[in-house]
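Secondary and tertiary structure notes
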Amino acid sequence: MNQALPDVRLRVPTDEDAFAWHRIFADPEVMEFHGGKAAELSVYEELTARQRRHDAELGFCLWTMVGPEGEVLGFTGAQPWPRAWGPRGEIEIGWRLGRAHWGKGYVTAAALTTLERVRAAGVSDVVAMVRPGNERSIAVTRRLGMEPAEVFAHPTSAEPAHCYRLAL
């Protein structure tokens, strides 16, 4: 039985969203597959500024997810793969959600909207990079119809990084 997906709104990140992301991502469980702890606030300030540039230049970015009560839930969206290793030159879809909102379908709903938006922007395929053991994210890739593809050596972790692909 399929459950209806929740209402979630995506917006271009604001300066204030850097503070919200920093607060939400201070949870070690949320950051388990992202280094274990939140980055410094300045990293989120730079990230939200970069996402505003991506949206203006590309028509997509990592958008702030806003819940039905107007609360910031995390982010979901797409951006060019930002690292020197991995799927260089490709568009990565990604998400990070506050723990209080896990298991409610927000990421799947927002990721489906992201796929519509990047397709409309002319993107022909996307990747998602997921660390082994991140079963929540692996489940989202399956719901989106993504297929496992390459495995990349992670430069700072003993675990590999798995690349999932989807043709749009």
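To start, this report covers the structure provided alongside it. Small disclaimer: the values here were computed from a predicted structure and weren't measured. (Residues numbered from 1 in each chain as written. Predicted model: local features only at pLDDT ≥ 70, side-chain atom pairs only at ≥ 80, totals over all residues. Heavy atoms only, no water.)

A separate point is the overall build of the protein chain. Summing up its helical and strand segments, the protein chain has four helices and seven strands in all. Out of the 168 residues belonging to the protein chain, those deemed buried represent 48%. Sequence separation of 24 or more characterises 60% of the internal contacts of the protein chain that already satisfy a separation of 6 or more. Total accessible area on the protein chain stands at roughly 8,800 Å², and carbon and sulfur atoms take up 51% of it. For the protein chain, the separation between the mean place of its 19 positive charges and that of its 22 negative charges on side chains is 1 Å. (Helix = DSSP H or I, 4+ residues; strand = E, 2+ residues; numbered from the N terminus. Buried < 20%, exposed > 50% of the residue type's maximum accessible area, 1.4 Å probe, protein only. Contact = heavy atoms within 4.5 Å. Areas by Shrake-Rupley, 256 points an atom, 1.4 Å probe, with all protein chains shown as cover. Lys, Arg positive; Asp, Glu negative; His and termini not counted. Charge placed at Lys NZ, Arg CZ, Asp CG, Glu CD.)

What follows is about the pairing of strand β2 (residues 62–66). Of all the five residues making up β2, five are buried; the element is thus mostly covered by neighbouring parts of the structure. Bridge count for strand β1 (residues 9–11) against β2 is three bridges, and the pairing is antiparallel. Bridge pairing in β2 links L10 to M65. In terms of strand pairing, β2 meets strand β3 (residues 72–80) through five bridges, oriented antiparallel. Along β3, the bridge assignment pairs M65 with G74. Between β2 and β3, which follow one another and run antiparallel, lie five residues, and G70 among them has a positive phi close to 85°. (Pairing = 2+ DSSP bridges.)

Interaxial distance between helix α1 (residues 15–24) and helix α2 (residues 41–58) falls to 8 Å at its minimum, and their mutual angle equals 135°. Regarding the angle of α1 to α2, the classification is oblique. As α1 packs across α2, the resulting crossing turns out to be right-handed. Side by side, α1 and α2 meet where D15, D17, A18, F19, W21 and H22 of the first sit next to L41, Y44, E45, L47, T48 and R52 of the second. Of the residues in the contact of α1 with α2, the class split is six nonpolar, two polar and four charged. (Axes fitted to C-alpha atoms, helices over the stretch in contact; angles between N-to-C directions. Parallel < 35°, antiparallel > 145°, perpendicular 65-115°, else oblique. Left-handed = near helix turned anticlockwise from the far one by under 90°. Nonpolar A, V, L, I, M, F, W, Y, C, P; charged D, E, K, R; others polar.)

So, about the packing of helix α3 (residues 106–120) against helix α4 (residues 135–144). A pair of packed helices is characterised by two quantities: the angle between their axes and the separation of those axes. Where α3 contacts α4, the two axes come as close as 10 Å, and the packing angle between them is 45°. Taken together, the axes of α3 and α4 are oblique relative to one another. As for how α3 packs across α4, the hand of that crossing is right-handed. Across from V107, T108, A111, L112 and L115 in α3, the residues of α4 making contact are V140, R143 and L144. Split into classes, the residues belonging to the contact of α3 with α4 amount to six nonpolar, one polar and one charged.

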